[in-house]
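Inside the fold
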Amino acid sequence: MNSDRRAQDGRDLPAVLRDLAWTVHRLVPEVAGVPPLPTTELAVLEQILAAPGITVTELSKRLGMRQSNVSAAVRSLVGRGLVTRSVDPGDRRVIRLAPTENAFDARQTIHTAWSGTVQQAMTRLDDDQVDALYSAADALEVLDRVLRAERD
């Protein structure tokens, strides 16, 4: 049935979602007054904010990225003052990553701007379109969880 609906509709929902995510990602940090972060750094920072104390190896597995790319993103985030590195007291060979207060402040600023930017844009939609977006929110959250679980 899902393939029938897609064939009749002619739209590529995954492409629409990707384009929307990319637009919001590019637009919002500029609106918020926060220098835009490359997509890789933003993804790494979000994971560090969600799991303080995570290691580069754990990050690379969670994000499905090469460890060298994650390490480069971490170096940049450390240089921007958004992440700190510390030696694990239980195993001095392990380096743990943690967000700084600047990271929490930047995340709050970006999230506030995301919400405001999207809400403002939604004022230009008709009521049926707004209702459809709110109706889709639950399904999109479930889709996000399924995709994250597949990656893990």
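Here is a short report on the structure shown in this document.

Rules and cut-offs
- Residues numbered from 1 in each chain as written.
- Predicted model: local features only at pLDDT ≥ 70, side-chain atom pairs only at ≥ 80, totals over all residues.
- Heavy atoms only, no water.
- Helix = DSSP H or I, 4+ residues; strand = E, 2+ residues; numbered from the N terminus.
- Buried < 20%, exposed > 50% of the residue type's maximum accessible area, 1.4 Å probe, protein only.
- Contact = heavy atoms within 4.5 Å.
- Salt bridge = Lys/Arg side-chain N within 4 Å of Asp/Glu carboxyl O.
- 1 Å grid on protein atoms, 1.4 Å probe; cavity = no way out; pocket = protein on both sides within 12 Å on 5 of 7 lines; lining within 4 Å.
- Points joined across faces, edges and corners; volume = space filled by probe spheres on them.
- Expected span 1.5 Å × (residues − 1).
- Arc of directions from axis to C-beta.
- Patch = residues over 30% accessible without salt bridge, like charges linked within 9 Å, V, L, I, M, F, W, Y side chains within 5 Å.
- Areas by Shrake-Rupley, 256 points an atom, 1.4 Å probe, with all protein chains shown as cover.

Another aspect to go through is the overall build of the protein chain. The helix and strand tally for the protein chain stands at seven helices and two strands. When the helices and strands of the protein chain are placed in sequence order, the string is α-α-α-α-α-β-β-α-α. Taking all 152 residues of the protein chain together, 24% fall into the buried category. Restricting to contacts in the protein chain with at least 6 residues of sequence separation, those with at least 24 account for 52%.

Time to look at the pattern of salt bridges. All told, the structure shown has five salt bridges when counted by the stated rule. In this structure, the salt-bridge partner of aspartate 19 is arginine 18, at a minimum N-O distance of 3.0 Å. By relative accessible area, aspartate 19 is classed as partly exposed at 41%. Looking at arginine 18, the relative accessible area reads 53%, which means it is exposed.

To continue, consider empty space enclosed by the protein. Within this structure, the stated rule accounts for one cavity of 30 Å³ or more. Estimated volume of the largest cavity: approximately 40 Å³. Leu42, Leu45, Glu46, Leu49, Ala103, Ala106, Arg107, Ile110 and His111 are the residues that line the largest cavity. Looking at the lining of the largest cavity, the elements with two or more residues in it are helix H3 (39–50) and helix H6 (101–122). The element best represented in the lining of the largest cavity is H6, accounting for five residues.

The end-to-end C-alpha distance of H3, which contains 12 residues, comes to 17 Å, matching closely the 16 Å that a straight helix rising 1.5 Å per residue would cover. The set of residues buried in H3 consists of Glu41, Leu42, Val44, Leu45, Gln47, Ile48 and Leu49.

The subject of this paragraph is helix H5 (residues 67–79). An ideal rise of 1.5 Å per residue puts 18 Å on 13 residues; H5 measures up with 18 Å between its terminal C-alpha atoms. Considered for burial, the residues of H5 that qualify are Val70, Ala73, Val74 and Leu77. The buried residues of H5 all sit within an arc of 100 degrees when viewed along its axis, so they share a single face. Residues of H5 that are buried make contact with H3, helix H4 (56–63), strand S1 (83–88) and strand S2 (91–99). Within two residues after H5, glycine 81 carries a phi angle of roughly 80 degrees, on the positive side.

This part is about a nonpolar patch on the surface. A cluster of nonpolar side chains, contributed by Leu140, Leu143 and Leu147, occupies part of the molecular surface with about 240 Å² of accessible area. Position of leucine 143 relative to the elements: it lies in helix H7 (residues 127–151).

A separate point is the side chain of threonine 100. As for its position among the elements, threonine 100 is in the loop between S2 and H6. Judged by its relative accessible area of 15%, threonine 100 is buried. Look past the residues within four positions of threonine 100 in its chain and what remains in contact with it is Gly81, Leu82, Val83 and Thr84.

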